[in-house]
Amino acid sequence: MDPRTLHELTAAYVLNALDEREAGEYEEHLARCEQCREELAALGRVTEALAYGSADAPPPPSQLRGRILGQARDERSKMIPMRSRWTLAAAGLAAAAACAAIALGAWAATLHGKLQHERAAQGNDAAALSVLTDSQGKRYDLQGARGELVVTRTGEGALGIQGLGPAPAGKTYEAWVIEHGKATSAALFHGGEDVIAIRLAPPVPLGAYVAVTREDANGRAPAPSGPAVFGAQT
Amino acid sequence: MRRDLAHLSDEALVALVARGEETALAELYDRYARISYGLARRILRDEALAEDAVQEGFMSVWRTASRFLPERAKASTWLLTLVHRRAVDLVRREDRRRTEPIEAAIEAHVEAAHDVAWLRFERERVQSALRQLPDNQREALELAYYGGFTQSELADRLGEPLGTIKSRMFTGLGRLRELLTEQEPERTEWTPGPSTS
């Protein structure tokens, strides 16, 4: 569809009046169109007003609150926390993954897939997994990506990253340990796998910042050449 | 962990929900359950289905909170969009959509006394703004937003070209935005240009 036509869909999109295919096309367009994002934000506030225009209703039945919170609690306990997932990956517990997938249905089917990937990742980088599964390790959430940085008590570091897209053509990801304004190259890797475990070469002292940048694929850069794609502060 | 979340902004609560804080979800529920249920009930015209839509909407909040971008939308807008989407999905699946005028279908209910004053105020403000729209724009907005019709279904049903329906929705929403802004003295700085918030 031509961009002008897509642009006109902002109102229908914000009203949820597009079918699935149209909504998908519009969302692709939205990712590239700043003007539409602004328009959408403004019109979103109008549809919120429309929601208030329909408020003529009694309060919901009191048991609905408990039902929702109960389901939320259930799903959280079944969503295996990241650390346990690394543990499962390290142990290669295919059976546990399969049981989880059967017990949890569709919600966990994707998780099952991830565990398979983690098992594949295990062979490539057992050292990274041993850091990621260190029960004494300190864990920091990544800012800008899903995953975590784990640093053992002896300063060994590893990144566990989920859902990182592949580096653009000719580029690679490079991890850095940055301390006192000095960046030390820590690892080179490509994204594109569901789960990636990366062992960081230099130690990660407390207070250091671990950053990941995109660098040219032909050779290590002497220092980060661009902004961090994601990172974590220890 | 117990703590009082009443002082937190909606956006801060969503950030806590993204970290799996159930109490933050409960606080969002307490703030938005009523408006969500009212909206779902209007779309679905069935109490049990409306409860389902609210439940699924809040579960979407629980599952996707980490993807919420505060620079793109207010948390309340995002949350109500998720509930609205679930309600619309359900009404399309159940094919419970109606064509009769919306006003005629709203039944007065006996619990109006429980109605929170500001909800009533907001409702009257929005309904009065809607009444000031040209009939065909109001009809397009109401059938789409409260009726759950897609733009193509509306074009079929109203016997109008798709382009006409699109432009009615677009113009209608824009006009509604102006009307609502006019009624809000503290927001009169709005000008048709890049949004700053």
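Residues numbered from 1 in each chain as written. Chains lettered and ligands numbered in written order. Predicted model: local features only at pLDDT ≥ 70, side-chain atom pairs only at ≥ 80, totals over all residues.

Caption draft 1: Up close: the overall build of chain B. Within chain B, the regular secondary structure consists of 9 helices and 0 strands. What you see in chain B, going N to C, is helices and strands ordered as α-α-α-α-α-α-α-α-α. Counting every position in chain B, which comprises 197 residues, the buried fraction comes to 39%. Considering only contacts within chain B whose residues lie at least 6 apart along the sequence, 64% involve residues at least 24 apart. (Helix = DSSP H or I, 4+ residues; strand = E, 2+ residues; numbered from the N terminus. Buried ≥ 20, exposed ≤ 12 C-beta atoms within 10 Å, placed from the backbone. Contact = placed C-beta atoms within 7 Å.)

Caption draft 2: Just the sheet that holds strand S8 (residues 230-233) of chain A, in detail. Residue and element names in this part refer to chain A. Strand order in the open sheet formed by 4 strands is S5-S4-S7-S8, and the pairing between neighbours is antiparallel. Edge strands, defined here as strands with exactly one partner in the open sheet, are strand S5 (182-189) and S8. Adjacent strand axes in the sheet meet at a mean angle of 30 degrees, parallel and antiparallel pairs treated alike. For strand S7 (residues 209-216) and S8, the ladder comprises 4 bridges, and the chain directions are antiparallel. The residue bridging Val212 from the neighbouring strand is Phe230, located in S8. (Pairing = 2+ DSSP bridges. Axes fitted to C-alpha atoms, helices over the stretch in contact; angles between N-to-C directions.)

Caption draft 3: Region of the structure containing the sheet that holds strand S3 (residues 157-162) of chain A. All names here are of chain A. Taken in spatial order, the 4 strands make up an open sheet running S1-S2-S3-S6, and their pairing is antiparallel. In this open sheet, the two strands that pair with only one neighbour each are strand S1 (138-141) and strand S6 (195-200). Pairs of neighbouring strands in the sheet enclose a mean axial angle of 20 degrees, with direction left out of account. Here S3 pairs with S6 via 6 bridges, running antiparallel. Paired with Ala158 across the strands is Arg199, a residue of S6.

Caption draft 4: Quick peek at unusual backbone geometry. Here Asn16 of chain A, not a glycine, exhibits a phi torsion of approximately 55 degrees, which is positive. Relative to the helices and strands, Asn16 of chain A is located in the loop between helix H2 (10-14) and helix H3 (20-32). You can call Asn16 of chain A buried: it has 21 C-beta atoms within 10 Å. In this structure, Arg45 of chain B is a non-glycine residue whose phi angle is positive, near 55 degrees. Mapped onto the elements, Arg45 of chain B comes out in the loop between helix H2 (22-44) and helix H3 (47-64). Taking the number of C-beta atoms within 10 Å as the measure of exposure, Arg45 of chain B has 17 and is therefore partly exposed.

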